[in-house]
Amino acid sequence: MKVGIVKEHKAGEGRVAATPANVKKLIDAGTQVMVEDQAGTGSGFENSAYEAVGAKIVSHEQAWDADLVVKVKEPEPEEYKYFKEGQAIWGFQHLASTPDTVKAMEKAGVTAIGGETIVENGQLALLKPMSAIAGRRSVIMGAYYLESQHGGEGILLPGIPEVSAGKVVFFGGGNAAVNGAELALSMGCEVSIIELKQERIDWLNEHFKGQKFTAINSTPENLAAEIKTADVFISTILIPGARPPKLVTEDMVKSMKKGSVLIDVAIDQGGTVATIDHPTTIEDPVFTKYGVIHYAVPNQPGAVPRTATMALSSGNIKYLLEIAHDGIDNAIKRDEALASGINVYHGKVVNEGLAKSVNSDYHQLTDLM
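Note that residues are indexed from 1 along each chain, following the sequence as it is written. Totals for whole chains, interfaces and linings use all residues, but because this is a predicted model, local features are given only for residues with pLDDT of at least 70 and pairs of side-chain atoms are given and counted only at 80 or more. Side-chain calculation: all heavy atoms of the structure are included, whereas hydrogens and water are not.

A.B. asks: Sorry if this is basic, but what is going on with the overall build of the chain here?
C.D. replies: Every helix listed is a DSSP run of H or I at least four residues long, and every strand listed is a run of E at least two residues long, numbered separately from the N terminus. A tally of helices and strands in the chain yields 14 helices and 17 strands. For 369 residues, the compact-globule estimate of 2.2 N^0.38 gives 21 Å, and the chain sits close to it at 21 Å. Seen along its three principal axes, the alpha-carbon backbone of the chain occupies a region of about 60 × 45 × 35 Å. Accessibility here uses a 1.4 Å probe with only protein chains present; expressed as a share of the type maximum, an area under 20% marks a residue as buried, one over 50% as exposed, and anything in between as partly exposed. A burial count over the chain gives 54% of its 369 residues as buried. Whether two residues are in contact is decided by their heavy atoms: any pair within 4.5 Å suffices. Here the analysis covers contacts within the chain between residues at least 6 apart in sequence; of these, 63% occur between residues at least 24 apart. Both charge centroids of the chain, one from 34 positive and one from 46 negative side chains, sit 1 Å from each other. Between the two quantities, the radius of gyration covers C-alpha atoms and the globule rule is 2.2 Å times the number of residues to the power 0.38. Charged residues are defined narrowly, with Lys and Arg counted positive, Asp and Glu counted negative, and His plus the chain ends left uncounted. For the purpose of locating charges, the reference atoms are NZ of Lys, CZ of Arg, CG of Asp and CD of Glu.

What follows is the structure in structure tokens.
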């Protein structure tokens with residue numbers, strides 16, 4: 001099998017999908033690995049490190065000429081021309097927000113594996129470390145943009161002994177929120193998490209017991225009340241494979257404090273904030289509407305590529321080795337977790353939420369295998 005490790009061309013993205021150590025594992029497993037020139041530089045891995053383990057350094061086009069293309073993020077529009085029948089593409093696809101990509105994949109007959117939809121032992125195993133990074137970094141970015149030179153409230157989010165810290169509100173009680181809340185609480189902030197499931201609310205209250213923390217039942221009324229009190233509001237709502245509804249309404253945003261910061265962690269899946277109609281970039285991350293600073297970067301972990309790459313590569317390698325050893329068709333028959341990551345299979349959409357989001361026909365994966 002030919003495996004291509006593609007350099008990310010998304011603005012500000014420094015991650016790479018495979019470290020030299022993992023490339024060596026793939027080569028030892030009998031694959032031919034081609035690494036795009038400078039693919040790992042942003043994460044601190046030079047071409048020479050890949051060559052030292054037996055990889056061939058190639059052009060962007062040559063890296064795409066592989067049976068298995070390994071990326072971090074979804075393909076860019078200029079990469080659609082490289083799709084070919086029978087090819088498997090690995091990455092955090094988030095295809096619900098890019099229907100044109102899905103159409104190109106259907107037309108070409110490729111298989112798309114979304115790391116963000118892989119469920120292992122009841123958890124989104126590969127998304128978990130990226131969510132942790134995004135949750136923690138969102139608090140840091142919130143603190144930064146609250147400063148007056150950015151148009152923020154002009155407050156120090158952690159406060160000082162003489163002045164109270166600010167308040168951080170999370171919408172959704174998953175991994176990103178828990179990690180962000182841990183950091184915010186350690187800074188002395190008041191924190192609340194708005195969560196739908198009572199079981200999760202009970203867990204959150206126990207987990208953060210004794211701290212300046214409140215878990216709140218998710219209703220439109222509670223959301224509207226909490227968002228008014230937030231210095232930093234962070235939406236973390238993600239529906240795996242599907243585009244979520246715009247639960248944070250324009251009126252809610254209008255009610256926020258002037259100079260407060262609103263962050264949508266899951267904007268790569270479409271996001272939940274009505275006033276965010278486009279993603280921003282790491283280089284140009286914010287815009288202001290109704291006096292509220294909006295931060296909508298879809299690839300936050302890309303700003304800390306060394307940390308993110310090490311976390312990502314530790315999780316994806318076992319799946320990549322399965323595909324390299326057995327081929328994609330046999331690998332998904334043997335591994336239920338890997339099968340859960342298949343969004344498009346030989347040009348057919350097999351994730352129901354994705355099919356609804358992009359208005360494509362839905363096919364049962366088991367009927368096609």
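So that's the structure; there's more coming.
A.B. asks: How should I be thinking about helix α6 (residues 175-186) in this particular structure?
C.D. replies: Because an α-helix completes one turn every 3.6 residues, residues spaced three or four positions apart along the sequence face the same direction. The span you would expect from a helix comes to 1.5 Å times its residue count less one. Its 12 residues place the ends of α6 17 Å apart at the C-alpha level, agreeing with the 16 Å of an ideal helix rising 1.5 Å per residue. For α6, the tally of buried residues reaches 9 of 12 residues, placing the bulk of the element in the interior. Where α6 is concerned, the buried positions are Ala-176, Ala-177, Val-178, Asn-179, Gly-180, Ala-181, Leu-183, Ala-184 and Leu-185. The secondary structure elements touched by the buried residues of α6 are α5 (127-145), β9 (167-171), β10 (190-195), α7 (198-207) and β11 (213-217). Directly beyond the C-terminal end of α6, a positive phi value near 95 degrees is found at Gly-188.

A.B. asks: What am I meant to see in the pattern of salt bridges here?
C.D. replies: Pairs can form between side chains of opposite charge once their charged atoms are near each other. When a carboxyl oxygen of Asp or Glu lies within 4 Å of a side-chain nitrogen of Lys or Arg, that pair is called a salt bridge. Considering all chains together, one arrives at 16 salt bridges under this definition. Close ionic contact of Arg-136 with Glu-182 constitutes a salt bridge, the shortest N to O distance being 3.3 Å. With Arg-136 in helix α5 and Glu-182 in helix α6, the pair connects residues that are 46 residues apart, well separated along the chain. Residue Glu-182 is classed as partly exposed on the basis of its relative accessible area of 31%. Between Lys-167 and Glu-226 there is a salt bridge, and its shortest N-O distance comes to 3.0 Å. Of the two residues, Lys-167 sits in strand β9 while Glu-226 sits in helix α8 (residues 220-227), which places them 59 residues apart along the sequence. Taken as a pair, Lys-167 and Glu-226 share a single burial class, namely buried. Through salt bridges with shared partners, a single network forms among Lys-10, Lys-73, Glu-74 and Asp-268.

A.B. asks: Would you take a moment to explain the environment of His-60 for this structure?
C.D. replies: Examined against the element boundaries, His-60 turns out to sit in helix α3 (residues 60-64). Using a relative accessible area of 18% as the deciding quantity, one classes His-60 as buried. On a C-alpha basis, the gap between His-60 and Phe-233 in space is 39 Å, while along the polypeptide they are 173 residues apart. Side chain to side chain, His-60 and His-9 meet in a polar contact 3.4 Å long. Any N or O atom pair separated by 3.5 Å or less is treated as a polar contact, with the protein-specific requirement of one donor-capable and one acceptor-capable atom, and with residues adjacent in sequence counted only for side-chain atom pairs. Among the polar contacts made by the side chain of His-60, one reaches the side chain of Glu-36 at a distance of 2.7 Å.

A.B. asks: How should I be thinking about a nonpolar patch on the surface in this particular structure?
C.D. replies: Patch construction takes residues with relative accessible area above 30% that form no salt bridge. Like charges are linked within 9 Å, and nonpolar side chains (Val, Leu, Ile, Met, Phe, Trp, Tyr) are linked within 5 Å. Areas reported as accessible are Shrake-Rupley estimates using a 1.4 Å probe. Residue values count occlusion only from the protein chains shown. Judged by side-chain polarity, Leu-156, Ile-160 and Val-163 come together as a nonpolar surface patch covering roughly 280 Å² of accessible area. Tracing the chain through its elements places Ile-160 in the loop between α5 and β9.

A.B. asks: Help me understand the layout of surface pockets in this model?
C.D. replies: If a probe the size of a water molecule is rolled over the atoms, the empty space left behind becomes visible. By volume, the largest pocket amounts to about 1400 Å³. Looking at the largest pocket, it is lined by 46 residues, and the ones nearest its centre are Gly-173, Gly-174, Asn-175, Thr-236 and Leu-238. Looking at the lining of the largest pocket, the elements with two or more residues in it are β8 (123-124), α5, α6, β10, α7 and α8. Looking at the lining of the largest pocket, the element that brings in the most residues is α5, giving 5 residues. All amino acids are sorted into three groups, where Ala, Val, Leu, Ile, Met, Phe, Trp, Tyr, Cys and Pro are nonpolar, Asp, Glu, Lys and Arg are charged, and the leftover types, Gly among them, are polar. For the lining of the largest pocket, the per-class residue count stands at 24 nonpolar, 14 polar and 8 charged. Here the term cavity refers to a set of points on a 1 Å grid, laid over the protein atoms alone, in which a 1.4 Å probe fits but cannot get out; the term pocket refers to an open set having protein on both sides within 12 Å along at least five of seven lines, with lining residues being those that place an atom within 4 Å of a point. Grid points are joined across faces, edges and corners, and a volume is the space filled by probe spheres set on the points. Here the second largest pocket defines a volume of roughly 300 Å³. Partitioned by chemical class, the residues of the lining of the second largest pocket number 6 nonpolar, 8 polar and 6 charged.

A.B. asks: What is the right way to look at the sheet that holds strand β12 (residues 232-235) in this model?
C.D. replies: Within a sheet, adjacent strands bond to each other through the backbone by hydrogen bonds, running parallel or antiparallel. A pair of strands counts as paired when DSSP detects no fewer than two bridges linking them. Within the open sheet, the 7 strands sit side by side as β11-β10-β9-β12-β13-β15-β14. Their pairing is mixed. Looking along the sheet, the strands with just one partner apiece sit at the ends: β11 and β14 (286-289). If you compare each strand with its neighbour and ignore which way they point, the axes differ by 20 degrees on average. Bridge count between strand β13 (residues 261-264) and strand β15 (residues 292-295): 3 bridges; the pairing is parallel. Residue pairing for β15: Ile-263 is matched across the bridge by Tyr-295. Where helices are involved, their axes are fitted lines through C-alpha atoms of the stretch in contact, as for all axes, and angles between N-to-C directions lie from 0 to 180°.

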